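Each chain is listed here by its residues.
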Amino acid sequence: MTKLLLIRHATTDSVGKRLSGRTPGVSLNEEGKEQARQLTQQLSKIPLDALYTSPLERTLQTADYLAQSHGIEPIIDEAFLELNFGEWTNRTFEELAGDPDFQRFNTFRSCTRVPGGEMMLEAQARFMAGLQKLCAKHPHETVAVVSHSDLIKAAVAYYAGIPLDMFQRLEISPASVTIIEVYEETARILLINSTGELKP
C-alpha cells in the first residue's frame, strides 16, 4: 500500500479570479504564504518518505515549505502539471462566463477540449499515470504530491468511480490535503479537502 497526500498549492492573487493555467511567474501571495506555513504545521507529525511537485512556481513554493520542515528534497514531475488551458490561459472568469465552450467545459467536462489545450480525460490519464508510477516506486511509503485543483479532483473522481462530468461537485481548496491509500487490488479515500491539523 502507498499512502498519497494530494496537496493543492496555496493561494495566489489569481485564485478564483482568472485561469492562470501554466502561466509562468504566478507566485503565492501573503495569504498563500501563511497558508503554506499552516499546512506545514498541520503535516508536521506526518512522516513523508517523498515529495513530488508540479513545476509551476506556486506549487514549487508550497512544496518548499514542506521540504524544509521534513528535511526532504522536492522532486519536480510534469505528470502533476496544471491542465493546459490553451486559449483560455490567464483569462478572467468574468471574461469566460459568456463563452459557450467554457460553459460546455464545465457541464460536459469529459468530452470538451479546451481550445488549443487539453481534454480533461487526457489530463486525468496523465495525472493517474504519474500517481501509479509513484505507487510502484514507493510501496509501503507515504508520498506527498503538490499539484492543482482540477487534477486532484480528477484523481478523487478516478478512485471513487465518479464521472468527470460530475467532478465539479468536489471542492479542493488552496493548501488542502486529500489522502488516498492505494493497494494492489483497490484504493481507499481517507480524507478530502482537509485544511485542519492531521494526526499520524
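See above for the structure.
Definitions and cut-offs
- Residues numbered from 1 in each chain as written.
- Predicted model: local features only at pLDDT ≥ 70, side-chain atom pairs only at ≥ 80, totals over all residues.
- Heavy atoms only, no water.
- Axes fitted to C-alpha atoms, helices over the stretch in contact; angles between N-to-C directions.
- Helix = DSSP H or I, 4+ residues; strand = E, 2+ residues; numbered from the N terminus.
- Parallel < 35°, antiparallel > 145°, perpendicular 65-115°, else oblique.
- Contact = heavy atoms within 4.5 Å.
- Nonpolar A, V, L, I, M, F, W, Y, C, P; charged D, E, K, R; others polar.
- Salt bridge = Lys/Arg side-chain N within 4 Å of Asp/Glu carboxyl O.
- Buried < 20%, exposed > 50% of the residue type's maximum accessible area, 1.4 Å probe, protein only.
- 1 Å grid on protein atoms, 1.4 Å probe; cavity = no way out; pocket = protein on both sides within 12 Å on 5 of 7 lines; lining within 4 Å.
- Points joined across faces, edges and corners; volume = space filled by probe spheres on them.

Peer 1: Could you give me a rundown of the packing of helix α5 (residues 120–137) against helix α6 (residues 149–160), with the residues and numbers involved?
Peer 2: The contact between α5 and α6 brings their axes to 9 Å, and the two run at 75 degrees. The angle between the axes of α5 and α6 places the two elements in the roughly perpendicular class. Contacts between α5 and α6 pair Met-120, Ala-123, Gln-124, Arg-126, Phe-127, Met-128, Leu-131 and Gln-132 from the former with Asp-150, Leu-151, Ala-154, Ala-155, Ala-157, Tyr-158 and Tyr-159 from the latter. Classifying every residue of the contact of α5 with α6 gives eleven nonpolar, two polar and two charged.

Peer 1: Can you tell me about the pattern of salt bridges, naming the residues and giving the values?
Peer 2: One pass over the full model with this rule turns up ten salt bridges. A salt bridge links Glu-181 to Lys-3; the nearest nitrogen and oxygen atoms lie 3.9 Å apart. Here Glu-181 is found in strand β5 (residues 177–182), whereas its partner Lys-3 is found in strand β1 (residues 2–8), with 178 residues between them in sequence. Overall, Lys-3 belongs to the partly exposed group, its relative accessible area being 26%. Ionic pairing is found between Arg-22 and Glu-118, a salt bridge with its closest N-O pair at 3.4 Å. Placement of the pair is Arg-22 in the loop between β1 and α1 (30–42) and Glu-118 in the loop between α4 (100–107) and α5, with a sequence separation of 96 residues. Through salt bridges with shared partners, one network takes in Lys-3, Glu-181 and Arg-188.

Peer 1: Kindly report on the layout of surface pockets, identifying the contributing residues and their values.
Peer 2: In this model, the largest pocket occupies a volume close to 510 Å³. Along the walls of the largest pocket sit 25 residues, with Arg-8, Leu-19, Phe-93, Ser-149 and Asp-150 positioned nearest its centre. Of all the secondary structure elements, the ones that give two or more residues to the lining of the largest pocket are α4 and α6. Within the lining of the largest pocket, the residues separate by chemical class into seven nonpolar, ten polar and eight charged. Each pocket or cavity is described by its volume, and for the second largest pocket that value is around 170 Å³. Around the second largest pocket, the lining residues are Met-1, Thr-2, Gln-132, Cys-135, Ala-136, Pro-139, His-140, Val-182, Tyr-183 and Glu-184. Here the lining of the second largest pocket gets three residues from one element, more than from any other, and that element is α5. Residue classes in the lining of the second largest pocket are distributed as six nonpolar, three polar and one charged.

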